[in-house]
Amino acid sequence: MMLFEALKHLHMGCAFLSIAGFILRGYWMLTSSPLLRRRPAKVLPHLIDTLLLASAVGMLLIWQLSPLQSDWLIAKILALLAYIGFGMVALRFGKSMKTRVNAWLLALLAAAYIVSVAYSKSPWGFLQGLFS
Ligand code: HEM
């Protein structure tokens, strides 16, 4: 299905940009760079993440599937909430550098888990190999 493939490529492209952008903003946070407060650093992530989610919804509409019907999609959504939450502490609400760095690392761990779930289509993701 052509439209599905297009949505999936859009989704994967936005997933890459979302994580790459988060790593870059984390670097700017670590180096106290003023770039973090510039307009593109605030607007672009929202644009990218909106497209990321919209393409996911589009794929599910084509599949006629509710995300709650699939265990790996539920895992993705929960881990997405962790990625967002830790990300907000890392780039905005963390009071000390230590808190922000730890939250940044946890957000990256959540992102790595999401990608591993995406490819394995299993809620275990990269944890799979640890137990089998
Ligand atoms: C940061 C968040 C996310 C990242 C990094 C991400 C990443 C990815 C990647 C890399 C793929 C391609 C996997 C493959 O080639 O088979 C994918 C596929 C997919 N993702 Fe996401 N995703 C995210 C969030 C979500 C969310 C929230 C949903 C839905 C609730 C979702 C639904 C899907 C679906 C339906 C596919 C297609 C799977 C297939 O083709 O069989 N994703 N995602």
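Remember, predicted model here, so these are calculated numbers, not experimental data.

### So, the environment of Lys-98
Looking at the secondary structure, you find Lys-98 in helix H4 (residues 97-120). The class for Lys-98 is exposed, based on 9 C-beta atoms found within 10 Å. On a C-alpha basis, the gap between Lys-98 and Phe-4 in space is 42 Å, while along the polypeptide they are 94 residues apart.

### Structural notes on the site of the ligand
Close to the ligand lie 19 residues; Ala-15, Ala-56, Met-59, Pro-67 and Ala-118 are nearest. Going through the elements one at a time, helix H1 (2-30), helix H2 (39-63), helix H3 (71-93) and H4 are the ones with two or more residues in the shell around the ligand. Residues belonging to the shell around the ligand are distributed by class as follows: 15 nonpolar, 2 polar and 2 charged.

### Regarding unusual backbone geometry
In this structure, Ser-32 takes a positive phi of about 50° despite not being glycine. Take Ser-32: it is sitting in the loop between H1 and H2. In the Ramachandran plot, Gln-64 falls in the positive-phi region, its phi being about 55° despite a non-glycine side chain. Note that Gln-64 resides in the loop between H2 and H3.

### Notes on H3
For H3, which comprises 23 residues, the first-to-last C-alpha distance of 31 Å matches the rise-based estimate of 33 Å (1.5 Å per residue) to within 8%. Every buried residue belonging to H3 is among Lys-76, Ala-79, Tyr-83, Phe-86, Gly-87, Ala-90 and Leu-91, and all of these are buried. Those residues of H3 that are buried lie in contact with H1 and H4.

### As for the nonpolar core
The tendency in soluble globular proteins is for nonpolar side chains to be buried side by side. Counting 13 residues, the largest nonpolar core has Ala-79, Tyr-83, Phe-86, Ala-90, Ala-103, Ala-107 and Ile-114 as the members making the most contacts within it. Those elements giving two or more residues to this core turn out to be H3 and H4. Per-element accounting of this core gives the leading share, 7 residues, to H4. Those residues in contact with Tyr-83, other than ones at most four positions away along the chain, are Ala-107, Ala-110, Ala-111 and Ile-114.

Reading guide: rules and limits
- Residues numbered from 1 in each chain as written.
- Predicted model: local features only at pLDDT ≥ 70, side-chain atom pairs only at ≥ 80, totals over all residues.
- Helix = DSSP H or I, 4+ residues; strand = E, 2+ residues; numbered from the N terminus.
- Buried ≥ 20, exposed ≤ 12 C-beta atoms within 10 Å, placed from the backbone.
- Near = placed C-beta within 6 Å.
- Nonpolar A, V, L, I, M, F, W, Y, C, P; charged D, E, K, R; others polar.
- Expected span 1.5 Å × (residues − 1).
- Contact = placed C-beta atoms within 7 Å.
- Core = buried A, V, L, I, M, F, W, Y, C linked by C-beta atoms within 7 Å.

All we've got here are geometric facts, nothing functional implied.
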